[in-house]
Amino acid sequence: MTSFRQIALVLLVLIGAPVAAALAQEASGVPLPAVPKAVKPAPDANHEQLMRSNHMSLLKHKRDLTVHEGDRTPQYSLNECVTCHAVTGGDGKAVTVADPQHFCRACHDYVAVKIDCFECHASRPGDEDKAAGLAAPGESAVAALSDYLQEVEQ
Amino acid sequence: MSCGTNRDCGCATSASPGVDAGRRAFLKSGAAFATVALTPTVTLMAFGAGDAAAQGAQERLNPAARWGLLIDVSKCGDGCNECVTACRKENGWEDTGHPATDAQWIRKVTLTDPKSGASRELPVMCQHCDEPPCVDVCPTGASFKRADGIVLVDKHRCIGCRYCMMACPYKARSFIHEALIDQKPHAPRGKGTVESCTLCVHRIDSGRNPACVESCNATGGGAMMFGDLNDPESAIAKRVAELASTQLRDDLGLDPGVHYVNL
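Residues numbered from 1 in each chain as written. Chains lettered and ligands numbered in written order. Predicted model: local features only at pLDDT ≥ 70, side-chain atom pairs only at ≥ 80, totals over all residues. Heavy atoms only, no water.

**Q** Looking at this model, I keep getting lost on the overall build of chain B. Mind explaining?
**A** Scanning chain B from terminus to terminus reveals 10 helices and nine strands. Across the 263 residues that make up chain B, the buried fraction comes to 48%. Expressed as a percentage of contacts within chain B between residues at least 6 apart in sequence, the contacts between residues at least 24 apart total 59%. (Helix = DSSP H or I, 4+ residues; strand = E, 2+ residues; numbered from the N terminus. Buried < 20%, exposed > 50% of the residue type's maximum accessible area, 1.4 Å probe, protein only. Contact = heavy atoms within 4.5 Å.)

And the structure:
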């Protein structure tokens, strides 16, 4: 915990605000991790702050809630992280964690943290999950909606 | 930190809305940061419950349910493999060319009476026992039964010892021997852990049928039915009450959640 707080603090100081970070880099010449930007706005107002220091515990707690209690809410879901924090590679597709540009590697490579999560978990958004998994409860809803829209048009 | 299977722990997302809003306001305030760092994450988790309901996603399983399957063997077509194919596609397990060790969440089994020569085909998967021997033998608590009767491996806790595979009378579990890439986002799988049919828990939690049942009814023989065995009003419970169904190896007294008729 101490080391965690120290590192988190260092990170906060170093990359807390992009401006401050840029300045720090210029002044000291110390290379800093380049954290890729998310593709959508943050889910909560304090997301950035909260995640910087607490994403590891939040994720680990969420996994127990999901696996044991069936909590399928998007909040702190690992699939949500990799979807919103997807980084597009040269081939136009989201990169996997094998690529050093991956969001989850930006800081981890820098501070030498190694996580095993992606030995099992997909490290980029799945197309079909968007089509079938996440949106699927609405498959019929979508059909209903398009029916409705057609009706409205007429 | 972890809740484990103790469902009464304080971390559940059941905080009342009042408490919740208060916590959220508190967390959003400047003081939140210190709180976050100093208290167990349990506190943190309580503050999301509100959005969850708003988003419509399931917040918690239904502990009163007992999910199960009813398989009408007489409708299970000879050579039909729809359920197996659908499961494979849904959960991303496939042949790697090593039949002895490949993952197998569901398989078609042919039973032949040696005297008459009559034979039957049926799908066999994790039977989601009420008294699962795989759970009894697991040294880490990875093998567990969800409150709604689904028997699962918590792969985060699985050390790959494979005791559960030995304990299972249905040979329903398999072990992942090779490193994998490109898993399905909704079905994480990885080397060194045991796995088995999850009854498509990710689908159940969003109100859908398991993939095998869906495909059996769409393009197969329509032999499979999914539902809540505990709910006397459910179609499956009515059918189970009305037809004399069998559970595989019921002599073992494990009370599987998978029932067969016309076996």
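**Q** Whenever I open this one, the confidence of the model for chain A confuses me. Can you help?
**A** The predicted structure's coordinates, where accompanied by low pLDDT, should not be read in detail. All names here are of chain A. Scored by pLDDT, chain A has a mean of 78; 64% of the residues are at 70 or more. Segment residues 9-24: pLDDT under 50, and 14 contacts once partners within four positions in sequence are set aside and those in other chains are kept. Low pLDDT, under 50, characterises residues 129-145; the predicted model gives this stretch 15 contacts beyond four residues in sequence or across chains. (pLDDT = per-residue confidence, 0-100.)

**Q** For this particular structure, what's the right way to read helix α10 (residues 235-242) of chain B?
**A** Residues separated by three or four positions in an α-helix point in the same direction, a consequence of the helix having 3.6 residues per turn. Residues and elements named next belong to chain B. Listed in full, the buried residues belonging to α10 are Ile236, Ala237 and Val240. Down the axis of α10, the buried set is contained in an arc of 100 degrees. They therefore lie on one face. Exposed residues on α10 whose side chains face more than 90 degrees from its buried face are Ala241 and Glu242. Packing partners of the buried residues in α10 comprise β1 (67-72), β8 (224-228) and β9 (258-261). (Arc of directions from axis to C-beta.)

**Q** Just checking my understanding: could you explain the packing of aromatic side chains for this structure?
**A** Note on aromatic pairs: each is described by the distance of the centres and the angle between the planes. Residue and element names in this part refer to chain B. Using the criterion set out here, one finds one aromatic pair over all chains in the structure. Judged by centre distance (5.2 Å) and plane angle (20 degrees), the rings of Trp67 and Phe226 are stacked. Note that Trp67 is positioned in strand β1 and Phe226 in strand β8, a separation of 159 residues in sequence. We classify Trp67 as buried; its relative accessible area is 18%. (Phe/Tyr/Trp six-rings, centres within 6.5 Å; stacked < 30°, edge-to-face > 60°.)

**Q** Explanation requested: the packing of helix α5 (residues 82-91) of chain B against helix α9 (residues 211-218) of chain B in the structure shown.
**A** Angle between the axes and distance between the axes are the two parameters that describe a pair of packed helices. Residue and element names in this part refer to chain B. The geometry of α5 relative to α9 is characterised by a closest axis approach of 8 Å and an angle of 135 degrees between their N-to-C directions. Taken together, the axis directions place α5 and α9 in an arrangement best described as oblique. For the crossing formed where α5 meets α9, the hand is right-handed. Facing α5, whose interface residues are Glu82, Cys83, Ala86 and Glu90, α9 presents Ala211, Cys212 and Ser215. A breakdown of the residues in the contact of α5 with α9 according to their chemical character gives four nonpolar, one polar and two charged. (Axes fitted to C-alpha atoms, helices over the stretch in contact; angles between N-to-C directions. Parallel < 35°, antiparallel > 145°, perpendicular 65-115°, else oblique. Left-handed = near helix turned anticlockwise from the far one by under 90°. Nonpolar A, V, L, I, M, F, W, Y, C, P; charged D, E, K, R; others polar.)

**Q** Mind showing me how you'd approach α5 of chain B here?
**A** All names here are of chain B. Buried within α5 are the following residues: Cys83, Val84, Ala86, Cys87, Glu90 and Asn91. Around the axis of α5, the buried residues are gathered within 165 degrees of arc, so they sit on the same side. Gly92 sits one or two positions beyond α5 and adopts a positive phi of about 75 degrees.

**Q** Looking at this model, I keep getting lost on the sheet that holds β9 of chain B. Mind explaining?
**A** Hydrogen bonds between backbone groups are what pair the strands of a sheet, and the pairing can be parallel or antiparallel. Residues and elements named next belong to chain B. Pairing is mixed in the open sheet, where three strands are placed in the order β8-β1-β9. In this open sheet, the two strands that pair with only one neighbour each are β8 and β9. Along the sheet, successive strands turn relative to each other by an average axial angle of 20 degrees, direction set aside. Direction of pairing for β1 relative to β8: antiparallel, over a ladder of five bridges. Residue pairing in the sheet places Ile71 in a bridge with Met224 of β8. On the sheet, α9 packs against β1 and β8 and is oriented at approximately 135 degrees with respect to β8. (Pairing = 2+ DSSP bridges.)

**Q** Help me understand the nonpolar core in this model?
**A** One recurring pattern in soluble globular proteins is that nonpolar side chains are buried together. In terms of nonpolar packing, the biggest core is built from 48 residues, with Leu69, Ile106, Met125, Leu199, Met224 and Tyr260 of chain B touching the most fellow members. Core analysis: the second largest hydrophobic core is formed by five residues, Leu70, Leu229, Ile236 and Val240 of chain B among them. (Core = buried A, V, L, I, M, F, W, Y, C linked by side-chain atoms within 4.5 Å.)

**Q** Which parts of the structure should I look at to understand the pattern of salt bridges?
**A** Think of it this way: side chains of opposite charge can pair up when their charged atoms draw near. Tallied over the full model, the rule gives 21 salt bridges over all chains. We note a salt bridge from Arg157 of chain B to Asp64 of chain A, for which the minimum N-O separation is 3.6 Å. Linking Arg157 of chain B in the loop between β5 (151-153) and α7 (163-167) with Asp64 of chain A in helix α3 (residues 47-69), this pair reaches from one chain into another. Overlapping salt bridges bring together Arg72 of chain A together with Arg146, Asp148 and Asp205 of chain B as one network. (Salt bridge = Lys/Arg side-chain N within 4 Å of Asp/Glu carboxyl O.)

**Q** Got a minute to help me understand the side chain of His121 of chain A in this structure?
**A** Among the structural elements, His121 of chain A can be located in the loop between α5 (103-111) and α6 (127-134). The contacts of His121 of chain A, once residues within four sequence positions are left out, are Leu78 of chain A together with His156 and Pro188 of chain B.

**Q** Explain the state of the cysteines to me, please; I cannot follow it from the model alone.
**A** A covalent bond between the sulfur atoms of two cysteines is referred to as a disulfide. Residue and element names in this part refer to chain B. Within the structure shown, the criterion is met by zero disulfides over all chains. The thiol of Cys134 is unpaired, and the distance to the nearest cysteine sulfur, on Cys164, comes to 6.3 Å. There is no disulfide at Cys216, and the cysteine sulfur nearest it, in Cys83, is 6.4 Å away. When its relative accessible area of 8% is taken as the criterion, Cys216 is described as buried. (Disulfide = S-S within 2.5 Å.)

**Q** How should I be thinking about the confidence of the model for chain B in this particular structure?
**A** All names here are of chain B. Per-residue confidence for chain B gives a mean pLDDT of 84, with 79% of residues at or over 70. Under a pLDDT of 50 for its full length, residues 1-55 has, in the predicted model, 79 contacts with residues more than four places off or in other chains. Interface confidence for the predicted complex, given as ipTM, is 0.76, next to a pTM of 0.81.

**Q** What am I meant to see in the pairing of strand β2 (residues 106-112) of chain B here?
**A** It is a general feature of regular strands that their side chains alternate between the two faces of the sheet. Residues and elements named next belong to chain B. In this sheet, strand β3 (residues 119-125) lies alongside β2 in antiparallel orientation, the contact comprising seven bridges. Within β3, the residue paired with Lys108 across the bridge is Pro123. In sequence, β2 turns back onto β3 through a hairpin of six residues, with Gly117 there showing a positive phi of about 85 degrees.

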